[in-house]
Amino acid sequence: MPLLCLCALCATAAGVKPGSMEMLVDSCGFFPQISDDGEWLLYSPTDARQLMLKNLSTGVVKTVSSVGYPGFDAIFGGDGKVYYVTQERKKNGLVYRTGHCYDPATSKDKVVLNPQHGRVQAIRATAGVVINGERQVYQSSKNVGVYAYTRGDALYIVDESGTTRMLQPVRDSNGYLWASLSPDGSKVMFEAASRGVVVCGLNGTIIAELGEFLMPSWYNNDYIIAMSNAANSFYKGQRIWLISIDGETFKPISPKEERAVQPMTAGGKVVYTAQYSGQVNQLELDIAPAIGRDFAIGKSKTFKVKNPEGGKDVPRVFINPGHGGHDSDDRHVPTWVIGARDTLHYYESNSNLTKGLALDEILTNKGYETVLSRTTNNTEDDLDLFEIVSLAANSGADIFFAIHSNATGTDTRLNFPLGLYRGWDGKPVVDGSLKLSEAVMKSLERNEVTVWTHKQRSNGDWSFYDWGYQVGLGVLRYNKLPGMLSEGSFHDYLPERERLFCDNYCWLEAWNQSLGIDEYFGRKGKSKNGVIAGTVRWSDRERRDDDQRLFGEDQLKPVNGALLRLYNGRGVLSRIYTLDNRDNGVFVFTDLPKDKYKLELYYGDEELYETLKIKTKKNDTVYKNLKLKTDQKPKKSKKKKRH
Ligand SMILES: [Zn+2]
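No experiment lies behind these values; they were computed from the predicted model shown.

Procedures and definitions
Residues numbered from 1 in each chain as written. Predicted model: local features only at pLDDT ≥ 70, side-chain atom pairs only at ≥ 80, totals over all residues. Heavy atoms only, no water. Helix = DSSP H or I, 4+ residues; strand = E, 2+ residues; numbered from the N terminus. Pairing = 2+ DSSP bridges. Axes fitted to C-alpha atoms, helices over the stretch in contact; angles between N-to-C directions. Parallel < 35°, antiparallel > 145°, perpendicular 65-115°, else oblique. Left-handed = near helix turned anticlockwise from the far one by under 90°. Contact = heavy atoms within 4.5 Å. Nonpolar A, V, L, I, M, F, W, Y, C, P; charged D, E, K, R; others polar. Phe/Tyr/Trp six-rings, centres within 6.5 Å; stacked < 30°, edge-to-face > 60°. Buried < 20%, exposed > 50% of the residue type's maximum accessible area, 1.4 Å probe, protein only. Lys NZ or Arg CZ within 6 Å of the ring centre and 35° of its normal. Expected span 1.5 Å × (residues − 1). Domains from an automatic or database assignment. Buried area = accessible area lost by both parts, 1.4 Å probe. Salt bridge = Lys/Arg side-chain N within 4 Å of Asp/Glu carboxyl O. Polar contact = N/O pair within 3.5 Å; in protein donor to acceptor, adjacent residues only side chain to side chain. Core = buried A, V, L, I, M, F, W, Y, C linked by side-chain atoms within 4.5 Å.

Before going further, it helps to spend a moment on the environment of Y520. Tracing the sequence through the fold places Y520 in helix α6 (residues 503–520). Y520 sits 83 residues away from S437 along the chain, and the two C-alpha atoms are 8.9 Å apart.

One open sheet holds the four strands; their spatial order is β6-β7-β8-β9, and the pairing between them is antiparallel. With one partner strand each, in any of the chains shown, β6 (75–76) and β9 (108–117) form the two edges of the open sheet.

Here we take up the packing of helix α3 (residues 433–445) against α6. Interaxial distance between α3 and α6 falls to 8 Å at its minimum, and their mutual angle equals 140°. Between α3 and α6, the angle is such that the two are oblique. The way α3 lies across α6 gives a crossing that is right-handed. On the side of α3, the interface is formed by K435, L436, A439, V440, S443 and L444, while α6 contributes E509, N512, Q513, L515, G516, I517, E519 and Y520. In terms of residue class, the contact of α3 with α6 is made up of seven nonpolar, four polar and three charged.

This model, assessed by the stated rule, comprises 26 aromatic pairs. Relative to F589, the ring of Y577 has its centre 5.7 Å away and its plane inclined at 65°; by these criteria the two rings are edge-to-face. Here Y577, found in strand β41 (residues 573–578), pairs with F589, found in strand β42 (residues 586–593); they are twelve residues apart in sequence, far enough to count as distant. Per residue, the accessibility class of Y577 equals that of F589, and both read buried. Note that K435 overlies the ring of Y520, its terminal NZ or CZ placed 5.6 Å from the centroid. Between R582 and the ring centre of F501, over which it is positioned, the NZ or CZ distance is 4.0 Å.

Next up on the list: the pairing of strand β12 (residues 136–139). Pairing analysis gives three bridges linking strand β11 (residues 128–133) to β12, with the strands arranged antiparallel. Within the sheet, the bridge partner assigned to I131 lies in β12 and is Y138. Here β11 hands over to β12 after two residues, the two strands then running antiparallel side by side. As judged from the four bridges shared by β12 and strand β27 (residues 301–304), these two strands associate in the antiparallel manner. Within β27, the residue paired with V137 across the bridge is F303.

Next up on the list: α3. For α3, built from 13 residues, the straight-helix expectation of 18 Å at 1.5 Å per residue is met to within 8% by its first-to-last C-alpha distance of 18 Å. Taken as a whole, α3 has its buried residues at S433, L434, L436, S437, A439, V440, M441, S443 and L444. Residues of α3 that are buried in the fold lie against β32 (399–406), β33 (418–421), β35 (427–428), β36 (457–460), β37 (483–490) and α6.

What follows deals with unusual backbone geometry. At Y69, a residue that is not glycine, the phi angle is positive and equals roughly 55°. The buried category is assigned to Y69, whose relative accessible area is 14%. Positive phi is not limited to glycine here, since F72 has a value of about 80°. Inspection of the secondary structure assignment puts F72 in the loop between β5 (61–65) and β6.

According to the domain assignment, the protein chain consists of domain 1 (20–140), domain 2 (314–523) and domain 3 (528–643). The C-alpha centroid of domain 2 is placed 31 Å from the C-alpha centroid of domain 1. At the interface, 25 residues of domain 1 touch 26 residues of domain 2. Here domain 1 packs against domain 2, burying approximately 1900 Å² in sum over the two surfaces, 47% of which is carbon and sulfur. It is Y69, R89 and R119 in domain 1 that bury the most area against domain 2; as a group they hold 28% of the surface buried on that side. Here domain 1 is connected to domain 2 by three salt bridges. Inspection of the domain 1/domain 2 interface yields 14 residue pairs in polar contact (both at pLDDT 80 or more). Of all the secondary structure elements, the ones that give two or more residues to the side of domain 1 that touches domain 2 are β2 (30–34), β7 (82–89) and β8 (95–103).

In this structure, V317, I517, L564, F587, F589 and L599 are the most contacted members of the largest nonpolar core, which totals 59 residues. Per-element tally for this core: the top contributor is α6, with nine residues. Both domains that furnish three or more residues to this core are identified here as domain 2 (314–523) and domain 3 (528–643). Not counting chain neighbours up to four residues away, the residues in contact with F589 comprise G530, V531, I532, L564, L566, R575, I576, Y577 and L599. Residues A14, M227, V475 and Y493 belong to the second largest nonpolar core, which totals 53 residues.

Ordered in space as β20-β21-β22-β23, the four strands form an open sheet in which the pairing is antiparallel. Two strands lie at the open edges of the sheet, namely β20 (213–218) and β23 (250–252), each paired on one side alone. If you compare each strand with its neighbour and ignore which way they point, the axes differ by 25° on average. With three bridges joining them, strand β22 (residues 240–244) and β23 adopt antiparallel strand pairing. Note that in β23 the partner of W241 across the bridge is P252.

Here is the structure:
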């Protein structure tokens, strides 16, 4: 948080030139980019399927591309050409990205960087353009000057000699975004997710911390523009801000009535989008713009990245474990009256994070690459949705996967898995999203520990939510990765909430998610190990809840504190599991090598009540729901030693 600047102190001259406001596009103009000479405007509709170019003198609009999701991250070079990236999802689910250069003067499009896996990004350098991939890099000329980019929570600066330096000026960030060099090439600016916009020297020394803004862009060497961070409650509203590096100027420049997003500035012009209408507006400021940068004209160059991380292209999953922070957006169900914000209540953020961390570990063990949007549950890590989407794009992942649980928000009690993807029912905006959602939901439905009231389903968020035409979920908006949001179950169905308190149950959901993800990538059987899961319930004790209807086996009381012993095929005791006392009756044995096991159920004074044989399967789950009867006699009276 910067020093707060009260309006009275902001009495500097810098601001919008009176009467300079102009509408450039009347709808669907997202991610606007203006050319250095102010002649051309690039933009995309609500989804990335088209990249449009408008000549601002003639008003003529043309489509640069409508193949391979070219929208959202295209840029202009100092040569007036458009540099952009397309993506293609292969049969094995891997996404390959290609670099293009389009010349507005001739309408000619050229592939300048061949398809490669992972992140590919068009970047403006001080004297040229770079299309930066993890395997190969394209430069518009041999000497493009200096450029910067981010990967994960690291900032990379590449100097004139091509030497790359990695910097981490801000610690404990969930990832860096939007790196750019000042017009004179002396400073670098980036945003550390939920930590704010930072300006530093090329050696990483912090020059200024400008507060929680998003998508910062250099106006000149002393001023930047940026958009509000919607997750930050201090900067009410969604506006475009003008901020000086010295901290003197700090004010909104877009009209109060609009929700303004996605600002960009070049050649003394500021463009941004009014979020609801998609209208693109342009402003001029009464301060001198940056002097035009050089653009070295010469033979372009493509080179291999010397030490690409990892040799093989393996699936990369961006995991977003829902919203965090025990805040107002964190769907909270009080269990006992122990203080309004006590973290021991049920909070969706807790179970989402437990599932997310589990999925991260499971997928890593199966040979996937993963990126997580948060690993803690603090207010600071409750990222702005646009930040999450941008981190996902920056990760170069093959899929975006958001983890949540559902609630009816009514008195009706339901429990079923619901997958949501961006688009209309059956017509996802991004190819692959429906396939992913169906694979994961079918896998979640196979969970026999829970009681489902309805079949699993997958829906397009535009069809599912009545929030306006093509509005949909914020975390899927502007997201061009194949992706989905998984509402794994309903946490306001009481027995399900008690299960979600059990970390092993959350692990089981993550495991089932991983099986769906395996299916999507055609990687079934990549894990040698299997799982045994189930419940222990009283067959003759009814569970009642005055407030809600309970379904199926949930009408039976769970057995708290039962003990399970698992012996492997050689008769060696391999695991012991004690059920918790939270009325869920859940047990889960994870990472079991394929074998014939013997499971023993003990209760009370460690007396044996049940023995059964279970054969586990590779990369799959075997379910066993066990029952105890109140007057059941133990199998053996012989007592075993307590463990
Ligand atoms: Zn949620």
